[in-house]
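Residue-level structure breakdown
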Amino acid sequence: MLSQIDPATNTVVRKLRPPHPPGFGTYADGSLWIASFLEDAMMQLDADTGRVLRTIESSHGRPFSRPVGIAATGEDLWVLNHGDESVRASLTRLDARTGEVTGTTELPGHNAGGPFLVADQLWITLTMEGTVVRVDLRTGRVDGPPIVVDTGTCLATSVADGDLWYTGLDDGEGGSCRTVARRLDADSGELSPISYGPDKSLFNFASAGGSVWASDIGHTIYHVDVDSGALRPSLTLHGPNATNRLVTAFGSLWVLGGESGQLVRIDVS
């Protein structure tokens, strides 16, 4: 199900059920492009009316495999195929006008997350390996060696204040992930030595009102001091513990509770 929200009134003005279960998406040139992770398809919707303009389903010529995300750059659409423990992740490049495949990038890892468009490159997380790769928009090739995030990337990836943030969660079974967040400088490609919120189960980061904010898998929204790594609790959410996803839009910070099904708008001033 997709819901359209009027930011002037904070009310849901339209709900619609597209032809495939919706996952992550992006906006480009008046259209919503949405990936269906469950049914290996891409959908183009009119952003004003919600009308389905086009559906691109997986086929021999357009091989989607658990598409987990999508990014738009000019006339190109980049569809990230998640892969699994035995199948490597890949990136499919589509012509947004025709829907035809114009390139495929095999990625050096599994269980991909993203893609995120930052500093004129696509950034992709390979959670099984705990690494991050960059893809050149012009050539569609991986640019440079994988960047190792030594505390793991197994929970979530965010973009805040022009940098990439990675969160992990220790599963208690001796895996490589630790319950901590790390920041990657998108300009230099270097990982900050600061560990943010060790043992706080941080989930998502976003920038709003000139500051960086973080959510946890629980009830708390934190104000983040990027330079020192200090976290200041700023708001307690109501409801069950949740994977609280942060989004910045219309001058506000929005929190989507994964378990509560609630969308909360925060005035960060």
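So, here's what we can say about the structure. The residue numbers shown here count from 1 along each chain, following its written sequence. Where local features are concerned, this predicted model is filtered to residues with pLDDT of at least 70; where side-chain atom pairs are given and counted, the filter is 80 or more; whole-chain, interface and lining totals use all residues. As a convention, hydrogens and water are excluded, and side-chain values are obtained from all of the structure's heavy atoms.

1. Brief notes about the overall build of the chain
Looking only at helices and strands, the chain has zero helices and 24 strands in total. Over its C-alpha trace the chain gives a radius of gyration of 18 Å, about what one expects of a compact globule, namely 18 Å for 269 residues. Here the C-alpha coordinates of the chain stretch approximately 50 × 45 × 35 Å along the principal axes. Accessibility here uses a 1.4 Å probe with only protein chains present; expressed as a share of the type maximum, an area under 20% marks a residue as buried, one over 50% as exposed, and anything in between as partly exposed. Within the chain, the fraction of its 269 residues that count as buried is 47%. In what follows, a contact means two residues having at least one pair of non-hydrogen atoms within 4.5 Å. Looking at the chain alone, contacts between residues at least 24 apart form 36% of all its contacts between residues at least 6 apart. With an accessible surface of roughly 13,100 Å², the chain has 48% of that area assigned to carbon and sulfur atoms. Charge counting follows a simple rule: Lys and Arg are positive, Asp and Glu are negative, and His as well as the terminal groups are ignored. Where a charge sits is defined by one atom per residue type, namely NZ (Lys), CZ (Arg), CG (Asp) or CD (Glu). Each charge class in the chain was averaged separately, 20 positive and 33 negative side chains, and the resulting centres sit 4 Å apart. Under the scheme used here, helices are H or I runs from DSSP no shorter than 4 residues and strands are E runs no shorter than 2 residues, and both carry numbers assigned from the N terminus. To get the radius of gyration, use the C-alpha atoms; to get the globule rule, take the number of residues to the power 0.38 and multiply by 2.2 Å. Where accessible areas are quoted, they stem from the Shrake-Rupley method and a 1.4 Å probe; at the residue level, only the protein chains shown are allowed to cover.

2. Some remarks on the side chain of glutamine 44
Its location among the elements puts glutamine 44 in strand β5 (residues 41-46). Judged by relative accessible area, glutamine 44 falls into the buried class, the value being 12%. Within polar-contact distance, the side chain of glutamine 44 engages the side chain of serine 31 at 3.0 Å. Ignoring any residue separated from it by four or fewer positions in sequence, one finds glutamine 44 in contact with Ser31, Leu32, Trp33, Arg51, Val52, Leu53 and Arg54. Whenever two N or O atoms come within 3.5 Å, that pair is a polar contact, provided that in protein one can donate a hydrogen and the other can accept it, and provided that, for residues adjacent in sequence, both atoms are side-chain atoms.

3. Examining the pattern of salt bridges
When a carboxyl oxygen of Asp or Glu lies within 4 Å of a side-chain nitrogen of Lys or Arg, that pair is called a salt bridge. One pass over the full model with this rule turns up five salt bridges. Among the salt bridges present, the one from arginine 182 reaches aspartate 150, with a minimum N-O distance of 2.6 Å. Note that arginine 182 is positioned in strand β17 (residues 181-184) and aspartate 150 in the loop between β14 (147-148) and β15 (156-160), a separation of 32 residues in sequence. Note on arginine 182: relative accessible area 7%, which makes it buried.

4. With respect to the side chain of arginine 183
With respect to the helices and strands, arginine 183 occurs in strand β17. Judged by relative accessible area, which is 14%, arginine 183 ranks as buried. Engagement of the side chain of arginine 183 in a polar contact is seen with the side chain of tyrosine 196, the distance being 3.3 Å. Contact partners of arginine 183, with chain neighbours within four places excluded, come to Asp163, Leu164, Trp165, Glu190, Leu191, Ser192, Tyr196 and Val226.

5. Focus on the packing of aromatic side chains
In this analysis, rings of Phe, Tyr and Trp, with Trp reduced to its six-membered ring, are considered paired at centre separations within 6.5 Å, and the interplanar angle assigns stacked below 30 degrees, edge-to-face beyond 60, and tilted for intermediate values. Under the defined criterion, the tally for this structure stands at two aromatic pairs. Centre to centre, the rings of tryptophan 165 and tyrosine 196 are 4.9 Å apart; their planes meet at 65°, and the pair counts as edge-to-face. Within this pair, whereas tryptophan 165 is found in strand β16 (residues 163-167), its partner tyrosine 196 is found in the loop between β17 and β18 (202-208), the two being separated by 31 residues in sequence. Both residues of the pair, tryptophan 165 and tyrosine 196, belong to the buried class. Each ring, one from tryptophan 165 and one from phenylalanine 205, has its centre 4.4 Å from the other, and the planes form 15°; the classification is stacked. Of the two residues, tryptophan 165 is situated in strand β16 and phenylalanine 205 in strand β18; the sequence distance between them amounts to 40 residues. The exposure class of phenylalanine 205 is buried, given its relative accessible area of 2%. An aromatic cluster of three or more residues is present, and its members are Trp165, Tyr196 and Phe205.

The quantities given are spatial measurements derived from coordinates; they are silent on function.
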